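Here is how the chains run, residue by residue.
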Amino acid sequence: MNKQLIISNTETFVKSTLENAEGGHDWFHILRVWNNAKLIAKDENVDEFIVELGALLHDIADSKFHNGDETVGPKTAREFLESQLVEESVIIHIIQIINNISYKGGNFVQKFKSPELDVVQDADRLDAIGAVGIARCFNYGGFKNRQLYNPSVPPNLRMTKEEYKKSSAPTINHFYEKLLLLKDKMNTITGKKIAEERHQYMETFLQQFYNEWDGLK
């Protein structure tokens, strides 16, 4: 099994599949997560082949763009990996990463753990916070035609997984329902360190946002 060739073929496959994807979940999101994952993996005892495949395929068919169907991503990933003659044990691990990586409202019970999932999950969460995270958040809010902010609609921190998936709340609420919570949910030392700085950037942004909203400066 030529691992570098499989990684290269996977990159080509993901680029093609996500060519017309929403801007926050496109190839460039995958590329950032892939790069984050490789950076984090340097300090972890992991199978880097599984980490790279997991990062590249983790959002190959995000359920939010497939009417909530969570089976499309794993099915697409499996079919591709089988076409590359990847070992079944590796395929199963990648499917587990895809099935367990998402936040899903914070009340989702993760049913699988592995050092490789920890790395890919941290890499994905890092792309949801900081400057890029802010940009992705508002891009998706615009894609869903959501309000920027509505003071009369408070964040809901007790959403079920289904409520989270169906939420149409203002974009600012998403900071409190997910983004600001991610810093304390990181798995790795490197992930935690990077998350601290990005978290602080979001806090500063929110304070500036409210000041401007209220006409204070």
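Heads up: the structure comes first, above all this text.
Residues numbered from 1 in each chain as written. Predicted model: local features only at pLDDT ≥ 70, side-chain atom pairs only at ≥ 80, totals over all residues. Heavy atoms only, no water.

Enquirer: It is not clear to me how the overall build of the protein chain should be interpreted in this structure. Could you clarify?
Expert: The helix and strand tally for the protein chain stands at ten helices and zero strands. Relative to its length of 217 residues, the protein chain is compact, with a C-alpha radius of gyration of 18 Å against a globular reference of 17 Å. Split into buried and exposed, the 217 residues of the protein chain put 48% on the buried side. For the protein chain, restricting intrachain contacts to residue pairs at least 6 apart in sequence, the fraction spanning at least 24 positions comes to 66%. Once the 26 positive and 31 negative side-chain charges of the protein chain are each reduced to a mean point, those two points are 3 Å apart. (Helix = DSSP H or I, 4+ residues; strand = E, 2+ residues; numbered from the N terminus. Rg over C-alpha atoms; globule rule 2.2 N^0.38 Å. Buried < 20%, exposed > 50% of the residue type's maximum accessible area, 1.4 Å probe, protein only. Contact = heavy atoms within 4.5 Å. Lys, Arg positive; Asp, Glu negative; His and termini not counted. Charge placed at Lys NZ, Arg CZ, Asp CG, Glu CD.)

Enquirer: Just checking my understanding: could you explain the environment of Ala169 for this structure?
Expert: Take Ala169: it is sitting in the loop between helix H8 (161-166) and helix H9 (171-177). Residue classification places Ala169 among the buried positions, given a relative accessible area of 15%. Separated by 133 residues in the primary sequence, Ala169 and Asn36 have C-alpha atoms spaced 29 Å apart.

Enquirer: Could you clarify how one ought to interpret the packing of aromatic side chains in this entry?
Expert: Describing an aromatic ring pair means giving the distance of the ring centres and the angle of the ring planes. If you walk through the whole model with that rule in mind, you get twelve aromatic pairs. Between Phe175 and Phe205 the ring centres are 5.9 Å apart and the planes differ by 20 degrees, which places this aromatic pair in the stacked class. Of this pair, Phe175 sits in helix H9 while Phe205 sits in helix H10 (residues 189-213), placing them 30 residues apart in sequence. On the accessibility criterion, Phe205 (26% relative accessible area) is partly exposed. Both rings, one in Phe205 and one in Phe209, keep their centres 6.1 Å apart while their planes meet at 40 degrees; by these two values the pair is tilted. On the criterion of helical spacing, the pair formed by Phe205 and Phe209 is a turn pair, its members being four residues apart in helix H10. Residue classification places Phe209 among the buried positions, given a relative accessible area of 13%. Grouping aromatic residues by their ring pairs yields a cluster made of Phe138, Tyr149, Phe175, Phe205, Phe209, Tyr210 and Trp213. Residue placement shows Lys38 over the ring face of Trp34; its charged tip is 4.1 Å from the ring centre. (Phe/Tyr/Trp six-rings, centres within 6.5 Å; stacked < 30°, edge-to-face > 60°. Lys NZ or Arg CZ within 6 Å of the ring centre and 35° of its normal.)

Enquirer: Looking at this structure, I do not really get helix H4 (residues 72-83). What am I missing?
Expert: Note on helix geometry: an α-helix contains 3.6 residues per turn, so any two residues three or four positions apart are oriented the same way. Taking 1.5 Å of rise per residue, twelve residues should cover 16 Å, and H4 covers 17 Å from first to last C-alpha, within 8% of that figure. Where H4 is concerned, the buried positions are Gly73, Pro74, Ala77, Phe80 and Leu81. All buried residues of H4 fall inside an arc of 135 degrees around its axis, so they share one side. Exposed side chains of H4 directed beyond 90 degrees from the buried face belong to Lys75 and Ser83. (Expected span 1.5 Å × (residues − 1). Arc of directions from axis to C-beta.)

Enquirer: How do you make sense of the pattern of salt bridges when you look at a structure like this?
Expert: Oppositely charged side chains may form a pair once their charged atoms are brought near each other. Taken as a whole, this structure holds eight salt bridges when the rule is applied. A salt bridge links Asp127 to Arg32; its shortest N-O distance comes to 2.6 Å. Note that Asp127 is positioned in the loop between helix H6 (115-126) and helix H7 (130-143) and Arg32 in helix H2 (residues 27-41), a separation of 95 residues in sequence. Its relative accessible area of 2% is what places Asp127 among the buried residues. (Salt bridge = Lys/Arg side-chain N within 4 Å of Asp/Glu carboxyl O.)

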